[in-house]
Amino acid sequence: MSLDELLTSPEIAKRLGVSRQRVDQLVERGQLPQPVGRSGRTRLWRAADIELALAGSDPTTGRPPAPDWDTVPAPETPLHLDVDEVLTVPGIWSIDEPPRVHLRIWRGPAAGTRRTVVLYGALAESHGIIVNFAEDIARAIAAKHLSVGEARGAWYFGFWPRGFPHPEPGIHYVSFAFPRASGGSLLDTLLRRGSRDAWNGEFENPVWQNIDRAQLTRILGAEPDLDFPPGTYTAAVVTELASGRRPAVVDFDPHDLASQLRQVMRLHTYRGALLTGNYTRPGLPALGLLAGNGHDEAARTAEALGIAVRVLVPAALVAVDDYRAQIAADDRGAGLVERRFYRPGPAESELLDRYADMPDRDLTTGAVHRALTVVRTLAGALADQAETGGPHADAALLEALAAAEPELVSTRHLLDPTLIDDPGPSPRVLTQIGDAEQAYLATISWWGPAAGDAHRAAALRDHLWEKDLEGLRTGYDPFGRLVLHNPTTGSLVVERPRALPAAPYPDDAEVLATHGNMTAFVVLPDGRCDILPTDPRYTYDDVTWGYGGSGPDTLARALSFAALPHPDPEHPLTLEDRAPGIDTYLTDLAASQPPYEPLSISIRDLRSQRGIGKAPAGAAE
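Residues numbered from 1 in each chain as written. Predicted model: local features only at pLDDT ≥ 70, side-chain atom pairs only at ≥ 80, totals over all residues. Heavy atoms only, no water.

Caption draft 1: Molecular detail of the sheet that holds strand β15 (residues 492-496). Spatially, the four strands line up as an open sheet ordered β12-β15-β14-β13, and their pairing is antiparallel. Either end of the sheet is taken by a strand with one partner, and the two such strands are β12 (426-430) and β13 (473-476). Neighbouring strand axes in the sheet, compared pairwise and without regard to direction, differ in orientation by 25° on average. Where β13 meets strand β14 (residues 482-485), four bridges bridge the pair, whose relative direction is antiparallel. Looking at β14, one finds that Tyr 476 is bridged to Leu 482. In the packing of helix α16 (residues 454-461) onto the sheet, contacts are made with β12, β13, β14 and β15, and the angle to β14 comes to roughly 45°. (Pairing = 2+ DSSP bridges. Helix = DSSP H or I, 4+ residues; strand = E, 2+ residues; numbered from the N terminus. Axes fitted to C-alpha atoms, helices over the stretch in contact; angles between N-to-C directions. Contact = heavy atoms within 4.5 Å.)

Structure below.
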């Protein structure tokens, strides 16, 4: 029997020594592959598919061996490129958008057999999946384009384009032992053409082997397109090339220089209008909300915006220099992709040159801090206008301020690394209403949101389920933080602080928390209830206790940051800066609390421990 033959149901029954009805049962249960077609009313199967389904696992690994690529026979004529497309890979739920790969499949005779070569590439939109989700990719390819026999016998290669993650293209061979059906030793039915209903099962550990482009050329009989210029291996480019248009022409702006310059020019234009005294005209939407007192406020705002422009310019200059260097360099991928680099206009170039020549001596910590305050105030007012559809909304200005804010923070840290920054509140939904949450809710004034806080309320609502929105009430705690609560569903969303409390907590205060909410409260003796701030110098701000992970470490840092004194509140001590032994004590305290019980820590007990509250050697309390 030739493996290229097509078999009918009676022929398969004879091969197996069973009845035709038994063949139908095996097909229905997925223990035999689906037919590939019909001739009249007669169903047909590939003999190769049947034989592979009957073969069971390989006696050793069940996996195709990793060949010696230098001795693999080259085909007499180049293999034919049968598939060249962008393939969406289903079933990867950990990624928000369905990932895509560039799929190419070559077929043709070679050394007396039929060779199938699969090359799947890491598109810029989904770079990481060709390693982390290789099995899912193989399943998707097999389900759409390969027969069962072809799926087991194909050679699979992953492709990284030039520039990611290495300067030169990367190719690796991946051999798969496709999973078998749980009911026996037959090939898993997920490889049926078009199957999307059972993306499950595990592959045997694949063999990974790096190969070079000359070896891949030998396997295919011709060199494939690999020299995509860095940043151009995208779904749009691949689609254009597959349709026969080459070189593909792309507008090239990986640094997003166009957006950077748009933000710089909007801030610069706003600043110029302020300096000329036109601070009441419609082109200055936010100023009427903030200034009202005329020229002095306009001048202070203009100064702040000048600093905001200065901190945005360096990134734009880096992008301009990088583009100029790439334009001047020879690009061996130019025949494949023609890049049209974004170039600044005359006004933009003049502005960049002017700011590049400015001395840094007047860029002080205080000036940057003032600019940061103005930028945040303007951004808050504009965000509220945008949320409420107010007449002063300005999306372009809000975008520019949002881009400048983190750069101002970074610049301030560079000028004085000991300063910490208040990154603003961290919204958190609390689903367990325990004693700590009841104490907090008892202090809330239920009204609002106040004028100017619509954007804050919207940010908190985004953290709730739709079922929690009906019957939602809004309020403020004694420290001015916005609170949303649904008495029916019990959901509570708060603004967790990441800044020092306005005044030190008294000894009679108590830290309380409910397991699972990852948020601690401080009940004060005067009846108020605060939210325990977490240290903004660290990434994690979810407070837990009772084990040795990051949660207890976050709690230990929060206790050191918010509950213990600092010699200089402008430069708070880190946990490691404390006197020897305090870091160990606080970490052990957090880790030793019963993990599934409410947390309760007295500030007096905390400070009374030996060494707590004492400054490190060389520092004055």
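Caption draft 2: View of the packing of aromatic side chains. On inspection of all chains with the given rule, the structure shows 12 aromatic pairs. A ring pair is formed by Phe 228 and Tyr 233, whose centres lie 4.5 Å apart and whose planes are at 50°; its orientation type is tilted. Residue Phe 228 is classed as buried on the basis of its relative accessible area of 1%. An angle of 50° between the planes, with centres 6.5 Å apart, marks the rings of Phe 252 and Tyr 323 as tilted. Note that Phe 252 is positioned in strand β10 (residues 248-252) and Tyr 323 in helix α11 (residues 295-328), a separation of 71 residues in sequence. (Phe/Tyr/Trp six-rings, centres within 6.5 Å; stacked < 30°, edge-to-face > 60°. Buried < 20%, exposed > 50% of the residue type's maximum accessible area, 1.4 Å probe, protein only.)

Caption draft 3: Looking closely at helix α5 (residues 134-145). Here α5 contains 12 residues, and its C-alpha end-to-end distance of 16 Å stays within 8% of the 16 Å for a straight helix at 1.5 Å per residue. Buried residues dominate α5, accounting for 10 of its 12 residues. Within α5, burial applies to Ala 134, Asp 136, Ile 137, Ala 138, Arg 139, Ala 140, Ile 141, Ala 142, Ala 143 and His 145. (Expected span 1.5 Å × (residues − 1).)

Caption draft 4: View of the sheet that holds strand β2 (residues 37-39). Pairing is antiparallel across the open sheet formed by three strands, whose spatial order is β1-β3-β2. Looking at the sheet topology across the chains shown, the edges are occupied by β1 (6-7) and β2. Note that β2 and strand β3 (residues 42-46) share three bridges and pair antiparallel. Counted as the bridge partner of Ser 39 is Thr 42 from β3.

Caption draft 5: Structural detail: the environment of Ser 608. With respect to the helices and strands, the residue Ser 608 is situated in helix α19 (residues 603-608). Each C-alpha atom, one on Ser 608 and one on Asp 507, is 9.4 Å from the other, the two residues being 101 residues apart in sequence. Among the polar contacts made by the side chain of Ser 608, one reaches the main-chain carbonyl oxygen of Asp 605 at a distance of 2.9 Å. (Polar contact = N/O pair within 3.5 Å; in protein donor to acceptor, adjacent residues only side chain to side chain.)

Caption draft 6: Summary view of the nonpolar core. Core analysis: the biggest nonpolar cluster contains 45 residues, and Leu 267, Tyr 270, Leu 274, Leu 401 and Leu 408 have the highest contact counts within it. For this core, the secondary-structure elements that each account for two or more residues are α9 (257-275), α11, α12 (346-356), α13 (365-388) and α14 (395-415). By residue number, the principal contributor to this core is α11, which donates 14 residues. Beyond its immediate chain neighbours, meaning those up to four positions away, Leu 274 contacts Tyr 279, Leu 284, Leu 287, Ala 298, Thr 301, Ala 302 and Leu 305. Counting residues in hydrophobic clusters, the runner-up holds 29 residues, among them Ile 420, Ala 509, Val 543 and Ala 558. (Core = buried A, V, L, I, M, F, W, Y, C linked by side-chain atoms within 4.5 Å.)

Caption draft 7: The packing of helix α1 (residues 9-16) against helix α2 (residues 20-28), seen in detail. Running from amino to carboxyl end, α1 crosses α2 at an angle of 95°, the nearest separation of the two axes being 8 Å. Relative to α2, the element α1 lies roughly perpendicular. Where α1 abuts α2, its residues Ser 9, Pro 10, Ile 12, Ala 13 and Leu 16 lie against Arg 20, Val 23, Asp 24 and Leu 26. Classifying every residue of the contact of α1 with α2 gives six nonpolar, one polar and two charged. (Parallel < 35°, antiparallel > 145°, perpendicular 65-115°, else oblique. Nonpolar A, V, L, I, M, F, W, Y, C, P; charged D, E, K, R; others polar.)

Everything listed here is a matter of coordinates, which is why it stays silent on function.
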